[in-house]
2 protein chains.
Amino acid sequence: MREVFQQELREVQDRLVEISSLVTVAITNATTAFNESNVSLAESVIAEDHKIDALAVSLDELAINILALQQPVARDLRIVVSALRISASLERMGDLAEHIAQLARYRYPDKVVKKSLRGTFTEMGRLDVNMAKNLTVLLTNEDLALVEVIREDDDSLDELHVSVFDAVLGETWKGGAVDTVDVTLASRYHERFGDHAVAIAKKVQYLATGDWAGAAE
Amino acid sequence: MREVFQQELREVQDRLVEISSLVTVAITNATTAFNESNVSLAESVIAEDHKIDALAVSLDELAINILALQQPVARDLRIVVSALRISASLERMGDLAEHIAQLARYRYPDKVVKKSLRGTFTEMGRLDVNMAKNLTVLLTNEDLALVEVIREDDDSLDELHVSVFDAVLGETWKGGAVDTVDVTLASRYHERFGDHAVAIAKKVQYLATGDWAGAAE
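Predicted model only: the values in this text are computed from it and were never measured.

Turning next to the UniProt feature "domain: PhoU" (unreviewed entry) in chain A. Residue and element names in this part refer to chain A. In this numbering, the UniProt entry assigns the feature "domain: PhoU" (unreviewed entry) to residues 17-103 and 122-204. Between the end C-alpha atoms of residues 17-103 there is a gap of 27 Å, over a span that is 94% helix and 0% strand. Overall, residues 122-204 shows 88% helix and 0% strand. The separation of its end C-alpha atoms is 28 Å.

This part covers the nonpolar core. The tendency in soluble globular proteins is for nonpolar side chains to be buried as a group. Counting residues in hydrophobic clusters, the biggest one holds 145 residues, and the most contacted among them are A:L90, A:F121, A:L135, B:L90, B:F121 and B:L135. Beyond its immediate sequence surroundings of up to four residues, A:L90 is in contact with A:L16, A:I19, A:S20, A:V23, A:I52, A:L135 and A:I200.

Below, the discussion takes up empty space enclosed by the protein. Under the definition given, this model contains one cavity of 30 Å³ or more. When its volume is computed, the largest cavity comes out at roughly 40 Å³. What lines the largest cavity is A:L67, A:Q71, A:P72, A:L77, B:L67, B:Q71, B:P72 and B:L77. Along the lines of polarity and charge, the residues of the lining of the largest cavity split into six nonpolar, two polar and no charged.

All names here are of chain B. Going through the model one piece at a time under the given rule, you end up with two aromatic pairs over all chains. When the ring of F34 is compared with that of F121, the centres are 5.7 Å apart and the planes differ by 40°; the resulting orientation is tilted. Pair noted here: F34 is in helix α1 (residues 2-36) and F121 is in helix α4 (residues 115-141), with a separation of 87 residues, a long-range link. Both residues of the pair, F34 and F121, count as buried.

The subject of this paragraph is the environment of A:A201. All names here are of chain A. The residue A201 is located in helix α6 (residues 177-209) in this model. The sequence separation of A201 and I86 amounts to 115 residues, and the corresponding C-alpha distance is 9.1 Å. Filtering out sequence-adjacent residues up to four positions away, A201 remains in contact with L135, L138, V147 and I150.

In this section: the packing of helix α1 (residues 2-36) of chain A against helix α2 (residues 39-70) of chain A. All names here are of chain A. For the pair α1 and α2, the least separation of the axes is 10 Å and the interaxial angle reads 165°. The angle between α1 and α2 places the two elements in the roughly antiparallel class. Taken as a pair, α1 and α2 cross one another with a handedness that is left-handed. Along the lines of polarity and charge, the residues of the contact of α1 with α2 split into 19 nonpolar, four polar and four charged.

Residue and element names in this part refer to chain A. Residues E148, E152, D155 and E159 make up a contiguous surface patch of negative charge. Here E152 lies in helix α5 (residues 145-169). A relative accessible area of 46% places E152 in the partly exposed class.

Taken together, the contact between chain B and chain A spans 32 residues of the former and 32 residues of the latter. When chain B packs against chain A, close to 2700 Å² is buried across both sides, 65% of that on carbon and sulfur atoms. At the boundary of chain B and chain A, one finds four salt bridges. Across the pair A:R85 and B:D60 runs a salt bridge, and its minimum N-O distance is 2.6 Å. Our count for the contact surface shared by chain B and chain A stands at five residue pairs in polar contact (both at pLDDT 80 or more). Top element by residues in the side of chain B that touches chain A is helix α6 (residues 177-209) of chain B. It accounts for nine residues. Across the side of chain B that touches chain A, the residue classes tally to 20 nonpolar, four polar and eight charged.

Looking now at the pattern of salt bridges. Residues and elements named next belong to chain A. In total, this model carries 18 salt bridges over all chains according to the counting rule given. E11 serves as the salt-bridge partner of R15, at 2.8 Å between the closest nitrogen and oxygen. Separated by four residues within a single helix, R15 and E11 lie in helix α1, roughly one turn from each other. Look at E11 and you get partly exposed, because its relative accessible area is 33%. The partner of E48 in a salt bridge is K51, and the shortest N-O contact between them spans 2.9 Å. In this pair, E48 and K51 are both assigned in helix α2, three residues apart and thus about one turn of the helix distant. For E48, a relative accessible area of 39% corresponds to the partly exposed category.

Attention now goes to the relation of the copies chain B and chain A. Screw-axis analysis of chain B against chain A gives a translation of 0.0 Å along the axis, an RMSD of 0.0 Å, and a rotation angle of 180°. This pairing of chains is accounted for by a two-fold axis.

Right, let's get into α1(A). Here α1(A) spans 51 Å end to end across 35 residues, near enough to the 51 Å set by a 1.5 Å rise per residue. Following α1(A) by one or two positions, A:S37 adopts a phi angle in the positive range, close to 50°.

This brings us to the environment of B:I52. The residue B:I52 is located in helix α2 (residues 39-70) in this model. It is 8.8 Å that separates the C-alpha atoms of B:I52 and B:S20, two residues lying 32 residues apart in sequence.

Rules and cut-offs
- Numbers given for residues are sequential positions, taken from 1 along each chain in its written order.
- Ligands are numbered from 1 and chains lettered from A, in the order in which they are written.
- pLDDT decides what is reported in this predicted model: residues at 70 or higher carry local features, side-chain atom pairs at 80 or more are listed and counted, and totals for whole chains, interfaces and linings draw on all residues regardless.
- No hydrogens and no water enter the side-chain calculation; it runs on all heavy atoms of the structure.
- UniProt positions are given in the numbering used here, feature names are shortened, and annotations may be inferred rather than shown by experiment.
- By the criteria applied, helices consist of DSSP H or I runs no shorter than four residues and strands consist of E runs no shorter than two, each listed in order from the N terminus.
- Remark: nonpolar core denotes a set of buried residues (Ala, Val, Leu, Ile, Met, Phe, Trp, Tyr, Cys) joined through side-chain atoms within 4.5 Å.
- Exposure categories follow from relative accessible area, calculated using a 1.4 Å probe and restricted to protein chains: below 20% of the type maximum is buried, above 50% is exposed, and the middle band is partly exposed.
- Contact between two residues is taken to exist if any of their heavy atoms lie within 4.5 Å; hydrogens are not considered.
- Here a cavity denotes grid points, spaced 1 Å and computed from the protein atoms alone, that fit a 1.4 Å probe unable to get out, and a pocket denotes an open set having protein on both sides within 12 Å along at least 5 of 7 lines; residues with an atom within 4 Å of a point are the lining.
- Grid points are joined across faces, edges and corners, and a volume is the space filled by probe spheres set on the points.
- Nonpolar residues are Ala, Val, Leu, Ile, Met, Phe, Trp, Tyr, Cys and Pro. Charged residues are Asp, Glu, Lys and Arg, and all others, Gly as well, are polar.
- Side-chain rings of Phe, Tyr and Trp (the six-membered ring for Trp) are treated as a pair once their centres are within 6.5 Å; stacked means planes under 30 degrees apart, edge-to-face means over 60, and tilted covers the remaining angles.
- Angles shown run from 0 to 180 degrees and are taken between the N-to-C directions of axes, each axis being a line fitted to C-alpha atoms and, for helices, limited to the stretch in contact.
- Each angle gets one of four labels, with under 35 degrees taken as roughly parallel, over 145 as roughly antiparallel, 65 to 115 as roughly perpendicular, and the rest as oblique.
- Crossing handedness: left-handed means the near helix sits turned counterclockwise from the far one by under a right angle, and right-handed means the same turn made clockwise.
- Two distance rules govern patches: like charges are joined within 9 Å, and nonpolar side chains (Val, Leu, Ile, Met, Phe, Trp, Tyr) within 5 Å, applied only to residues with over 30% relative accessible area and no salt bridge.
- The method behind every accessible area is Shrake-Rupley, applied with a 1.4 Å probe, and residues are considered shielded solely by the protein chains displayed.
- Any carboxyl oxygen of Asp or Glu within 4 Å of a side-chain nitrogen of Lys or Arg constitutes a salt bridge here.
- In this tally, Lys and Arg are treated as positive and Asp and Glu as negative; His is ignored, and so are the chain termini.
- Note on charges: their place is set at NZ of Lys, CZ of Arg, CG of Asp or CD of Glu.
- Here the quantity called buried area is the accessible surface, traced with a 1.4 Å probe, that two parts lose on coming together, added over both.
- Two N or O atoms count as a polar contact when they lie within 3.5 Å, although within protein this holds only if one can serve as hydrogen donor and the other as acceptor, and sequence-adjacent residues are included solely when both atoms are side-chain atoms.
- We superpose the copies by least squares over the C-alpha atoms of residues that have a pLDDT of at least 70 in both of them.
- By this rule, a helix spans an expected 1.5 Å times one less than how many residues it contains.

Structure below.
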């Protein structure tokens, strides 16, 4: 029974890694589509999001079956409950990548972001992609050094998020309302993507170190 | 054992109702603060949010203890897992109410919204408050007729959300960048608040009707 349980936990882990990999592809393509006004790439992100949703639902069913059949306790129970929460965050990260792709599609053939902020959004996209990649590795091998890397990327992301508002609310901003709406939403989507990545990284960290209280933050 | 379990489930339900009541107070005060530029009311919403967070963490611990000690299966298991998800959504709704209050505080003593859109935001706030109130009743008595009422309020909210962008992107919009940023964020917060209310209502509905697949949406 114990061996079956360990095998099922590995299956849960494998599926989280799979979803995280798809989220990485989604955010990579979404930010490329956003930066380069690539409408077909944007549409592919939008068309693929249902796969992430379906995998998350299927992972949840697996986790609930494990709870019902194996009735884990203590740390094993925490792992399964965490998997449910991590899958919810990954699913949401997929949605946010899709929202970024939608902005690129709406504005096509125009670029979403005015020249003065393009470097900022390229960097936000790079940070999001980096966080998603590191999250996938963290979920694969539980190398906790990556938690700090993910947090640092998120700090950089938050600074850029603030700088976007400074730019838009500054006297030199020449954008029209449509530009202002787009950068406000895009910046918010990037920021939330990073928040979810940090939330997942914390859960992996606290599961590994046994400090569950911290994982609930 | 069965009786203890039923008592614990009632405790879970009571706590969800308590959190939902606090979320109702938060969104009521946040939208009033937002509409009336009431900075002290805004600050009270911001100061109180940690209570919602703490109650959600404590509810999660209770639910995990029930899983460990009672090892529920079938519908009982679904109820406990749903409680974990409902608490996450309620916690997030509290955050969104706080974000709306923060906008009111940032702009004080100015009003957040220009006159032309004030009616729209008053109505969005009214819908959010209504949804939170109905959610609290739904969680209390599982009167499934309320699910449809909540969905309809959310549909109205979505229409208003679209109308905000139509107004901001229309030719008659006279707002500066700060106005555009604020209404973009505020409208997004209202829309997400409604999405979470619908997600919770669906979970209650599907638990009551036994169609779990729908609850995972």
